[in-house]
Amino acid sequence: GRHQELLNLVSVKRRDLVTFVHLLNVTLLAMFFASKLQFAKDDVLDLGIAALYHDVGKLYISLKVIQKKDKLSEGEFLQVRNHPLLGAKILDGYKDALGVLPIVVSYEHHLRYDMAGYPKSPYARRPHPASMIVSICDVYDALALKRSYKKDYPPEKIHELMMLEKGKIFDPQLLDKFFQFIGVWPVGTLVSMSDGRVGVVRATSEVDIDRPSVQVLAPENAGEVVDLALRPDVRILGSL
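The notes below deal with the structure included here.

### Regarding the pairing of strand β2 (residues 198–203)
Sheet analysis places strand β1 (residues 190–193) next to β2, joined by three bridges and oriented antiparallel. When the sheet's bridge partners are listed, Ser192 is paired in β2 with Val198. Adjacent in sequence and paired antiparallel, β1 and β2 are bridged by four residues, among which Gly196 carries a positive phi angle near 90°.

Here it is as structure tokens:
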């Protein structure tokens, strides 16, 4: 019943492929996170729609500004900081089709847990839990994606950087839960291990996020699955 709104995303892809990929990534992460938190199916879908449109306000900012490699001028920076409010105003026109949650998430996803973000809110209450979930997924993917103005970070560095903002940008309990589910090294990450072997993460451990199960690729015993939770003598050195 929402197919027309989803088809409108094709225009996003034509205009800015990086933003399009980011929106899809954040949506998938948010829906995965919500389902692991045991949200009802309808709530998972509603959160997915909100995540899909959280950055819609950026479509109304000049591409020169969005894709600029150098430091933004004060005026350009203000334009970018205005995108949550702009997005909320745009989505208000679609609330009959999309509901209210996308408006709330668009407006709040940069507010921060400590309320020190933007746009400045006249209310003392913390952002909606959906906004806090999307905020975590938004930053996680932004750090992972290579952009014209920044490098991409390896998973272990993303975990380190985000944990430094626990209780500041991010809701502490939600952030801990997010990494409990996704791990420091998500499924599919290529890693080097302390025993000299290289492998790919096949399953994360919710008990110890640093010790997933790794399927060995090289140089010996290819195919062997090493559960690092049961092998204290072996650890991951880093992602490749």
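### Side note on the packing of helix α11 (residues 155–163) against helix α12 (residues 172–182)
Between α11 and α12, the shortest axis-to-axis distance is 11 Å and the interhelical angle comes to 165°. The pairing of α11 with α12 is recorded here as roughly antiparallel in orientation. Between α11 and α12 lies a crossing whose hand is left-handed. In this structure, α11 uses His159, Met162 and Met163 to contact α12, whose residues at the interface are Leu175, Asp176 and Phe179. Taken together, the residues of the contact of α11 with α12 sort by class into four nonpolar, one polar and one charged.

Rules used in this analysis
- Residues numbered from 1 in each chain as written.
- Predicted model: local features only at pLDDT ≥ 70, side-chain atom pairs only at ≥ 80, totals over all residues.
- Heavy atoms only, no water.
- Pairing = 2+ DSSP bridges.
- Helix = DSSP H or I, 4+ residues; strand = E, 2+ residues; numbered from the N terminus.
- Axes fitted to C-alpha atoms, helices over the stretch in contact; angles between N-to-C directions.
- Parallel < 35°, antiparallel > 145°, perpendicular 65-115°, else oblique.
- Left-handed = near helix turned anticlockwise from the far one by under 90°.
- Contact = heavy atoms within 4.5 Å.
- Nonpolar A, V, L, I, M, F, W, Y, C, P; charged D, E, K, R; others polar.

Spatial relationships are all this shows, so hold off on functional conclusions.
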